[in-house]
Structure formats: structure tokens, C-alpha cells
Amino acid sequence: MIRALQSNDREALGAFVQRQQGYVLGYLRSRLADATDADDLCQEVFLRCLAGKVRFRGDVPVRPWLLGVARNVLREHIRRCRRRKEVEWTELCLELDSLTEEDQSDYRQVHDWLSACINTLGQSAHDALKMHYYARLKMAQIAEKMCRSEGAVKLLVFRARQALKECVTRKSRISPDE
């Protein structure tokens, strides 16, 4: 299939996209707050493959290679959108990706670890993250709701992100047999 793709076979391209698109799209959707951004970036990944902007060398399996392309597209997106709220969440996800670089086959495991780690946070940290990432409130709005200063809320969110990263890192180091 890869040889057919490299020779611009449209049927092979269609089959390739159909087979791999869900995997790439799932990866991007789990790292972006806006599903339409994930859809756009997924298309960009496959357009780069089609246009020959990225080359498959054959020394790694196709899916990890595609996820590497998707990760690069995601990083470029972050650079373009630095001021949007979901960037912090996406940056955390990219940091967590580094934990699975050797074995990129199971991102669901990292997602499960992240969910478990979120549940270990204190109530105020949990609430602040929920308001920031899911309700998309500004820090000033969160501060008002929590009866805290804006600076205190920024620090709370920062520390919660750090705690999540440390928790997921710890979980990644525990062997599956333990």
C-alpha cells in the first residue's frame, strides 16, 4: 500500500486514509478542546502525506509514523494559536506523549491515567481545571466564582497541571504486573 501511495495511486490513498483516519483523528481530538480543529488538522496530516511533504521511510510502523506527523502538525497549530485557551491542555498532552515515545501503541492507557490523576486532585484544583478547560471561563471569571484572586487561580491551575504531569509520569513507570 505504501508503494502505491508513493506512486500517487488514488485508490490506495483512499484505502489508506479510510484505514488510518480514525486513529489519527482520535489522537488529535483527545488533545484539542475544539473538535473542528482536530478535523482540520487530521486533513492536514493526510494532505502532507499526499503532497509528499513528509516521506515514509519504512523503518517504523505506519501508525507511529502518522502520529509523529500528527504531533508535528499539532505543534505548528499551537504556535499559530498561542493565545487560545485550549493550548495549555494540548501542551500538557504533548508533554504526556513524551512518556509513550518508545511505545506509541497505547494512547488510551495514558488517557486512562490522566482521568485517574484528575480524580486525585483536590476539589478546588479539580473545579478550576473544569471551569478553565471545559467551561472555557477566563481566569478572572474563575477567580470570581472561587472567591480568590486571579493570580491565585492561575497558580492553582499551573500547579494542577504539574500535578497531573507528575501523576501520569509515575503511573507510566509502574510496570503492568504491579
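Since the model is a prediction, treat every value here as computed from it, not as a measurement.

So, the overall build of the protein chain
Stage number 1. Counting its secondary structure elements, the protein chain contains nine helices and zero strands.
Stage number 2. Expressed as a percentage of its 178 residues, the buried residues of the protein chain come to 40%.
Stage number 3. Partitioning the contacts of the protein chain with sequence separation of at least 6, the portion at a separation of at least 24 is 61%.
Stage number 4. Accessible surface computed for the protein chain: about 10,900 Å², of which carbon and sulfur atoms make up 47%.

As for helix H4 (residues 62-80)
Stage number 1. Spanning 19 residues, H4 covers 27 Å between terminal C-alpha atoms, matching the ideal 27 Å at 1.5 Å per step.
Stage number 2. Looking only at H4, the buried set comprises Trp65, Leu66, Leu67, Gly68, Val69, Ala70, Arg71, Val73, Leu74, His77 and Ile78.

Quick look at the pattern of salt bridges
Stage number 1. On inspection of all chains with the given rule, the structure shows four salt bridges.
Stage number 2. Arg29 is paired through a salt bridge with Asp39; the nearest N and O atoms lie 2.7 Å apart. Within this pair, whereas Arg29 is found in helix H2 (residues 10-29), its partner Asp39 is found in helix H3 (residues 35-51), the two being separated by ten residues in sequence.
Stage number 3. Judged by relative accessible area, Asp39 falls into the partly exposed class, the value being 27%.
Stage number 4. Taking the shortest distance from any N to any O, the salt bridge between Glu44 and Arg48 comes out at 2.8 Å. Here Arg48 and Glu44 lie together in helix H3, a separation of four residues that amounts to about one turn.
Stage number 5. With relative accessibility at 14%, the residue Arg48 sits in the buried group.
Stage number 6. Connected through shared salt-bridge partners, Glu44, Arg48 and Glu76 make up one network.

A closer look at the state of the cysteines
Stage number 1. Scanning the entire structure with this criterion turns up one disulfide.
Stage number 2. Between the sulfur atoms of Cys117 and its disulfide partner Cys167 the distance amounts to 2.0 Å. A torsion of -80° about the S-S bond marks the disulfide between Cys117 and Cys167 as left-handed. Taken together, the residues span a long stretch of sequence, with Cys117 in helix H6 (residues 107-120) and Cys167 in helix H9 (residues 150-173) at a distance of 50 residues.
Stage number 3. A relative accessible area of 1% places Cys117 in the buried class.
Stage number 4. The exposure class assigned to Cys167 is buried, which follows from its relative accessible area of 7%.

Rules behind the numbers
- Residue positions are given per chain, counted from 1 along the sequence in the order it is written.
- Local features in this predicted model are restricted to residues of pLDDT 70 or higher, and side-chain atom pairs are both shown and tallied only at a pLDDT of 80 or more, whereas totals for entire chains, interfaces and linings draw on every residue.
- Only hydrogens and water are removed before side-chain values are computed, so all heavy atoms of the structure are retained for them.
- Comment: elements are numbered from the N terminus, with helices defined as DSSP H or I runs of at least four residues and strands as E runs of at least two.
- Exposure classes here rest on a 1.4 Å probe applied to the protein chains alone. A residue is buried below 20% of its type maximum, exposed above 50%, and partly exposed in between.
- Note on contacts: a residue pair qualifies if any of its non-hydrogen atoms lie within 4.5 Å across the two residues.
- We get accessible surface area from the Shrake-Rupley algorithm with a probe of 1.4 Å; when it comes to residues, only the shown protein chains can shield them.
- A helix is expected to reach a length of 1.5 Å times the quantity of its residues less one.
- Throughout this description, the term salt bridge denotes a Lys or Arg side-chain nitrogen within 4 Å of a carboxyl oxygen of Asp or Glu.
- When two cysteine sulfur atoms lie within 2.5 Å, the pair is treated as a disulfide.

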